Amino acid sequence: MIYNVLFLLAAVFLTVGQSAQAVPLLQLKLESDFSAAFKKEMRSGDIPGAAFAIVRGDQVSAMQTYGIRGKKSPQAVNPQTVFRLASVSKTFSAELAALMVEQNKFSWNDPIVEYIPEFKLKKAGQAENITIKHILSHSSGLVPNAFDGYLKGRFIFSKVIEKFSVLEPACSAGKCYGYQNVLFSFIEEVVERNTGKTYEEVMQDRIFTPLKMVNASVGYDAYQDTENKAYPHITVSRRGPWHQVKVNPDFYKVGAAAGVNASIEDMSKWLTAQLGNTPEVISEPLLNTVREPVVRTVKDLRRRSWRGLIDDAHYGIGWRVYQYKDDTLYLHSGWVQGFRALIAYSKDKQIGLVLLANAESRSVDSLSIKFWRLLLAEPDSLIPYKAANPAPAAGPLWSRKLAFFDLDLQNL
């Protein structure tokens, strides 16, 4: 079953006023072309279930779901179906931290040891150089994916912190890029020790509830307790069939790095915030802070899917930052057993895409590149900062907005 608001939205644009008629109808060619590409990719890859949404300005111009929640649970995916976001969770954690910085709960330049004094590295004084900003921008200087292997089996935070005492930085903090999950998740401890609440409670209070992300949650138990959820699928061979499997809880142990669950409706609201449309929750200064490039990610320039498309690449605070000709893309992807997620947006063009799938398929990556190529074919005059006539706020879909994509294939 496919849930599609594209053509219904076209009808709405035709009725909201004379000035809104021409531009939206021309714009909807991208949505129509991408919708066709999405359905073709899903069918050719036999993907069990997926969803996407596109936003222009402050309007959702397309939202579509495809397929079923699971091979063993064949109910149709709908806009409220919850998927695992994997590393897209990092965008939430970074902005939660930014909210707390705005409220003077802590500072970006505070050393981690001020909140986690048991954190030590091989040589005395090295741990003191690593700040909150360093862990959220993957610029700590430590070897990539430090101690991810300890997520398998029984994970005890205090025991894993002790393991860091054998590490010596490969470079000075802030000088080189090394993607992290366990170290990134230290922000959970900072938040909890600062507020006296659980990380999940603070995320709910500061992000999910204010943005009305009613199906969003953090953690394995919350995912399991959700009735309308997608199930993970893997394949044992490149062209083999997809098999539904049990949810692997390993990366839920680092909730800040990979523990958020959300539906395509929820993600449309998150993307709305990234485009600056909910300043009462996520302010423009906050967005500018997390968007600022912190450390260069040279390997991204050599990725096959992006080669020749981007001119420079960095990691900001919880977001990848890609330079594409005169435009900048802010993006992140997620990949965990049986799920893919991808989000990205262009602030200048005020347009974005989010994709969710319940299979470990590279279709998500090829579709995101397809989207950007289609967008480049449009005249700039067809890309407004805001819709000419915003649709009624009371409608169930018209108040939703989104943001754009990422192809981080190396982790989650």
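Model, not experiment: these values are computed from the prediction. (Residues numbered from 1 in each chain as written. Predicted model: local features only at pLDDT ≥ 70, side-chain atom pairs only at ≥ 80, totals over all residues. Heavy atoms only, no water.)

Student: Quick one: what's the story with helix α11 (residues 284-291), residue by residue and with numbers?
Tutor: Those residues of α11 not exposed but buried are L286, L287, V290 and R291. One side of α11 holds all its buried residues, which, seen down the axis, span an arc of 130 degrees. On its buried side, α11 packs onto α3 (89-102), α10 (264-274), β12 (320-324), β13 (327-336) and β14 (339-346). Where α11 begins, the capping side chain belongs to S283, and its oxygen is found 3.2 Å from the backbone nitrogen of L286. (Buried < 20%, exposed > 50% of the residue type's maximum accessible area, 1.4 Å probe, protein only. Helix = DSSP H or I, 4+ residues; strand = E, 2+ residues; numbered from the N terminus. Arc of directions from axis to C-beta. Contact = heavy atoms within 4.5 Å. Polar contact = N/O pair within 3.5 Å; in protein donor to acceptor, adjacent residues only side chain to side chain.)

Student: Requested: an account of the environment of V354, with residues and values cited.
Tutor: Looking at the element boundaries, V354 is found in strand β15 (residues 351-357). By relative accessible area, which is 1% here, V354 ends up buried. In this structure the C-alpha to C-alpha distance between V354 and M63, which are 291 residues apart in sequence, comes to 9.5 Å.

Student: So what about the packing of α3 against α10? Which residues, and what values?
Tutor: Where α3 meets α10, the closest approach of the two axes is 12 Å, and the angle between their N-to-C directions is 50 degrees. As the angle between them shows, α3 and α10 are arranged oblique. Remark: the crossing between α3 and α10 carries left-handed chirality. Between α3 and α10, the contacting residues are T91, F92 and E95 on the first element and M267, W270 and Q274 on the second. Partitioned by chemical class, the residues of the contact of α3 with α10 number 3 nonpolar, 2 polar and 1 charged. (Axes fitted to C-alpha atoms, helices over the stretch in contact; angles between N-to-C directions. Parallel < 35°, antiparallel > 145°, perpendicular 65-115°, else oblique. Left-handed = near helix turned anticlockwise from the far one by under 90°. Nonpolar A, V, L, I, M, F, W, Y, C, P; charged D, E, K, R; others polar.)

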